[in-house]
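Spelled out, the chains give:
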Amino acid sequence: MSLELRIPPPVVGLIAAALMWGLAMLPPALAVPTGVRLALVAASVVAGLGFNLLGLVAFVRSRTTINPLHPGRTSALVTGGVYRVTRNPMYVGMALLLLAWAFHLSALWAFLGPALFVAYITRFQIVPEERVLRGKFDEFEAYASRVRRWL
């Protein structure tokens with residue numbers, strides 16, 4: 001059984017966050033001054049929530065599905081707003097929230113979480129989504145050539 005389009009991305013994010021919490025128990029801890037750590041957490045949370053919200057708003061305005069497990073139900077190719085910066089703002093947002101969690105945990109091994117999330121989502125979510133979008137929208141190839149998958 002393939003994992004393509006099987007696990008909702010927020011669930012993948014929660015699994016990564018739990019893994020990060022477990023890995024944070026392992027040394028080495030990072031000695032980051034509290035003020036710096038909190039600033040990094042806050043900046044990552046604000047950026048992550050911003051990407052998520054802007055991506056969601058663009059989908060709602062385009063009246064297309066936000067269900068990531070059924071990309072075939074997409075009724076419009078969204079290319080405006082935040083989608084001019086990244087083809088996957090909601091996944092970027094989730095990765096930034098995981099990065100905020102890693103900063104909060106202040107443990108070197110916790111930073112594996114965002115990297116594993118990006119790798120998993122790219123292979124099992126984004127690649128299959130893009131395959132569907134290529135088949136559905138003639139303009140997808142041109143869009144993909146000018147806008148990066150992540151950032």
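Check the entry above for the structure.
Turning our attention to the overall build of the protein chain. For the protein chain, the count of helices and strands is 5 helices and 0 strands. Written out in order from the N terminus, the α and β elements of the protein chain read α-α-α-α-α. Expected size for 151 residues packed as a compact globule is a radius of gyration near 15 Å; at 17 Å, the protein chain falls within 12% of this value. In terms of overall dimensions, the protein chain has a C-alpha envelope of 50 × 35 × 25 Å along the principal axes. Among the 151 residues that make up the protein chain, the fraction classed as buried is 41%. Counting contacts in the protein chain only where the partners sit at least 6 residues apart, residues at least 24 apart contribute 80% of the total. Of the roughly 8,400 Å² of accessible surface on the protein chain, a fraction of 70% belongs to carbon and sulfur atoms.

Under the counting rule described, the total for this entry stands at 4 aromatic pairs. Ring centres of Phe-103 and Phe-111 lie 5.5 Å apart, and the angle between their planes is 70 degrees; this geometry places the pair in the edge-to-face category. Using a relative accessible area of 26% as the deciding quantity, one classes Phe-111 as partly exposed.

Our focus in this paragraph is unusual backbone geometry. Cis geometry marks the peptide bond from Pro-27 to Pro-28, where omega comes out at 5 degrees. Checked against the element boundaries, Pro-28 lands in the loop between α1 (9-23) and α2 (34-61). Of note in this structure, Leu-5 is not a glycine but carries a positive phi near 55 degrees. Locating Leu-5 in the fold gives a position in the segment before α1. Positive phi values are uncommon outside glycine, yet Arg-63 reaches one of about 55 degrees. Within the element layout of this structure, Arg-63 appears in the loop between α2 and α3 (89-105). Overall, the relative accessible area of 73% leaves Arg-63 in the exposed class.

Throughout the structure, instances matching the rule amount to 5 salt bridges. The closest approach of N and O atoms between Arg-131 and Glu-4, which form a salt bridge, is 2.6 Å. Here Glu-4 lies in the segment before α1 and Arg-131 lies in helix α4 (residues 112-136), a separation of 127 residues in the sequence. We classify Arg-131 as partly exposed; its relative accessible area is 46%. Owing to a relative accessible area of 22%, Glu-4 belongs among the partly exposed residues under this scheme. Measuring nitrogen to oxygen at the nearest pair gives 2.6 Å for the salt bridge that ties Glu-130 to Arg-149. Taken together, the residues Glu-130 in helix α4 and Arg-149 in the segment after α5 (140-146) connect sequence positions 19 residues apart. Residue Glu-130 is classed as buried on the basis of its relative accessible area of 4%. Look at Arg-149 and you get partly exposed, because its relative accessible area is 26%. One continuous salt-bridge network, built from bridges that share partners, spans Glu-4, Arg-123 and Arg-131.

Okay, the environment of Ala-115 next. Structurally, Ala-115 is set in helix α4. Between the alpha carbons of Ala-115 and Arg-146 there is a distance of 24 Å; along the sequence they are 31 residues apart.

Cut-offs used in this document
Residues numbered from 1 in each chain as written. Predicted model: local features only at pLDDT ≥ 70, side-chain atom pairs only at ≥ 80, totals over all residues. Heavy atoms only, no water. Helix = DSSP H or I, 4+ residues; strand = E, 2+ residues; numbered from the N terminus. Rg over C-alpha atoms; globule rule 2.2 N^0.38 Å. Buried < 20%, exposed > 50% of the residue type's maximum accessible area, 1.4 Å probe, protein only. Contact = heavy atoms within 4.5 Å. Areas by Shrake-Rupley, 256 points an atom, 1.4 Å probe, with all protein chains shown as cover. Phe/Tyr/Trp six-rings, centres within 6.5 Å; stacked < 30°, edge-to-face > 60°. Salt bridge = Lys/Arg side-chain N within 4 Å of Asp/Glu carboxyl O.

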